[in-house]
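Commentary on secondary and tertiary structure
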Amino acid sequence: MHVIVSCGDVNGIATDIFFKTCLYHAFHDMQCSIAMNESTAKEICEAWNITFEHSTIRFPEMSVTVIPCEKYAQYKPGKPTNDASLLAIESLETSLKMVKNGEADALLTLPISKSGLNECGWKFSGQTDWLHHAFPKSQPIMILFHETMRIALATIHIPLNQVANSIDSHKLADVIQGVHQSMKFDFAIDQPRIAVLGLNPHAGENGMLGTEEVDIIIPAIEQAKTQGINCEGPFPADGFFSRPSWRKYDAIIAQYHDQGLIPLKFQAQGHGVNFTANLPIIRVSPDHGTAYDIAGTDRVEEHSMIASLEAIRSIVKNRSRG
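Below is a summary of the structure that appears in this document. (Residues numbered from 1 in each chain as written. Predicted model: local features only at pLDDT ≥ 70, side-chain atom pairs only at ≥ 80, totals over all residues. Heavy atoms only, no water.)

With respect to the helices, strands and loops of the structure, Asp-287 is situated in the loop between strand 13 (283–286) and helix 11 (303–319). The exposure class assigned to Asp-287 is buried, which follows from its relative accessible area of 7%. With residues up to four places along the chain from it excluded, the contact list for Asp-287 reads Leu-144, Leu-264, Lys-265, Ala-268, Gly-272, Val-273, Asn-274 and Ser-304. (Helix = DSSP H or I, 4+ residues; strand = E, 2+ residues; numbered from the N terminus. Buried < 20%, exposed > 50% of the residue type's maximum accessible area, 1.4 Å probe, protein only. Contact = heavy atoms within 4.5 Å.)

Below is the structure:
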């Protein structure tokens, strides 16, 4: 199994979580490569006192091949630079090309600075949006998970004041269908149960606190049910997560980013995984950002990176079932 890793912002904690993972943990059933400038890789290896030779980073229990990128970025932990953002962009493009060409089985994207990349001409709201552009016939769905909590997002990186106008019953029905398929084929759950959260407080209180539940969410749920999908809702988000009954669902669809990711990240405590469903490739990512304030320090923890590699192993196995 070959995993290609995009290097993310080398001056954020992307470097720390990758090197800590490879230094202290072994994934003997995986071949890992990372798309990075070789001079940058050499600088980082020198800082970590790790051997770099013949385009290979030699950790005690595993070796990682460096897939060369042209853009050099000086290694300055905690200091965002345009060069690091440009390298992150090239690394993403190089990594994706390898997966598309069948040279790797899965893509693991390390954290980027969205604003940093945008300042360098990257025109996407995040890596999921970038993947949508790369696969225009697909409808990528962001699913973040830890153990049995799996949160899918109906909308992703958009301002809160745009959420209500960004959902409609057809789009939401497609999300429910996509989540259902992902639970079956990526997570090996033959008969998934899906919960759908409301948008408004108290799930709209029968239209008194907003009509999106009546006009959009309930019709989408009913449409999904006609396709044989086991889904329920809309549930008020606050009460839903306050009781253990959420555990009976295999996936939970939130209407917007923070509605779903606050409980997920509280539950995961730094061990979560970001998975992009509904794509012809496998892509996962740690569930955190660049965290420049702790980059290069011993405060960085690699749990989410480890969980991401373990998720790749599981999803590759599940998809191979057919």
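Our focus in this paragraph is the pattern of salt bridges. One pass over the full model with this rule turns up seven salt bridges. Where Asp-190 meets Arg-321, a salt bridge forms, and the shortest distance between an N and an O atom there is 3.7 Å. With Asp-190 in the loop between helix 7 (169–185) and strand 9 (193–197) and Arg-321 in the segment after helix 11, this residue pair connects regions lying 131 residues apart in the sequence. The exposure classification of Asp-190 matches that of Arg-321, with both residues exposed. (Salt bridge = Lys/Arg side-chain N within 4 Å of Asp/Glu carboxyl O.)

Next up on the list: the packing of helix 1 (residues 13–24) against helix 11. To describe two helices that pack against each other, one gives the angle between their axes and the distance between the axes. Put simply, helix 1 and helix 11 touch, their axes get as near as 8 Å, and they point 65° apart. The angle between the axes of helix 1 and helix 11 places the two elements in the roughly perpendicular class. As helix 1 packs across helix 11, the resulting crossing turns out to be right-handed. Taking contact as the criterion, the partners of Ile-17, Phe-18 and Thr-21 in helix 1 are, on helix 11, Met-305, Ile-306 and Leu-309. Class assignment for the residues of the contact of helix 1 with helix 11 results in five nonpolar, one polar and no charged. (Axes fitted to C-alpha atoms, helices over the stretch in contact; angles between N-to-C directions. Parallel < 35°, antiparallel > 145°, perpendicular 65-115°, else oblique. Left-handed = near helix turned anticlockwise from the far one by under 90°. Nonpolar A, V, L, I, M, F, W, Y, C, P; charged D, E, K, R; others polar.)

Evaluation of the coordinates by the stated rule reveals zero disulfides. Note on Cys-22: no disulfide assigned, nearest cysteine sulfur contributed by Cys-32 at a separation of 5.9 Å. The class for Cys-22 is buried, based on a relative accessible area of 3%. (Disulfide = S-S within 2.5 Å.)

With that out of the way, let us pick up the packing of helix 7 against helix 8 (residues 212–226). At a minimum axis distance of 8 Å, the contact between helix 7 and helix 8 shows a crossing angle of 45°. Classified by the angle their axes make, helix 7 and helix 8 are oblique. Our pair here, helix 7 against helix 8, has a crossing hand that is right-handed. Contact with helix 7, carried on its side by Ser-169, His-170, Leu-172, Ala-173 and Ile-176, involves Ile-216, Ile-217, Pro-219, Ala-220, Ile-221, Gln-223 and Ala-224 of helix 8 and no other residues of that element. Taken together, the residues of the contact of helix 7 with helix 8 sort by class into nine nonpolar, three polar and no charged.

Turning to the environment of Thr-65, a few remarks are in order. Along the chain, Thr-65 turns up in strand 5 (residues 63–68). As a C-alpha pair, Thr-65 and Ala-35 span 30 residues in sequence and 8.5 Å in three-dimensional space.

Before going further, it helps to spend a moment on the side chain of Ser-285. With respect to the helices and strands, Ser-285 occurs in strand 13. With relative accessibility at 3%, the residue Ser-285 sits in the buried group. Excluding anything up to four places from it in sequence, Ser-285 contacts Thr-109, Gln-127, Val-273, Asn-274 and Ser-308.

Backbone torsion omega between Gly-233 and Pro-234 reads 0°, so that peptide bond is classified as cis. Examined against the element boundaries, Pro-234 turns out to sit in strand 10 (residues 230–235). The phi dihedral of His-54 falls on the positive side, at around 50°, and the residue is not glycine. Residue position: His-54 is located in the loop between strand 3 (51–53) and strand 4 (56–58). We classify His-54 as exposed; its relative accessible area is 69%.

For the rest of this paragraph, the subject is the pairing of strand 8 (residues 149–153). The element strand 8 is largely enclosed, with a buried count of five among its five residues. Alternating residues of strand 8 divide into Met-149, Ile-151 and Leu-153 and Arg-150 and Ala-152, and every residue in both groups is buried. Examined bridge by bridge, strand 7 (residues 141–146) and strand 8 share four bridges and lie antiparallel to one another. Residue Phe-145 lies in a different strand from strand 8, and its bridge partner there is Arg-150. The antiparallel hairpin formed by strand 7 and strand 8 contains two residues in its connecting segment, where Glu-147 sits at a positive phi of about 55°. Judged from the three bridges that link them, strand 8 and strand 11 (residues 251–254) form a sheet pairing that is parallel. Residue pairing in the sheet places Leu-153 in a bridge with Ala-254 of strand 11. (Pairing = 2+ DSSP bridges.)

The next point concerns the side chain of Asn-11. Tracing the backbone shows Asn-11 in the loop between strand 1 (2–6) and helix 1. A polar side-chain atom of Asn-11 sits 3.5 Å from the main-chain carbonyl oxygen of Gln-74. Other than its neighbours up to four places away in sequence, Asn-11 contacts Gln-74, Tyr-75, Lys-76, Pro-77, Gly-78, Lys-79, Thr-81, Ala-84, Tyr-292 and Ala-295. (Polar contact = N/O pair within 3.5 Å; in protein donor to acceptor, adjacent residues only side chain to side chain.)

Before going further, it helps to spend a moment on the pairing of strand 11. The side-chain alternation of strand 11 yields two buried faces, one formed by Ala-251 and Ile-253 and the other by Ile-252 and Ala-254. Bridge count between strand 9 and strand 11: three bridges; the pairing is parallel. Its bridge partner lying in strand 11, Ala-195 is registered against Ile-252.

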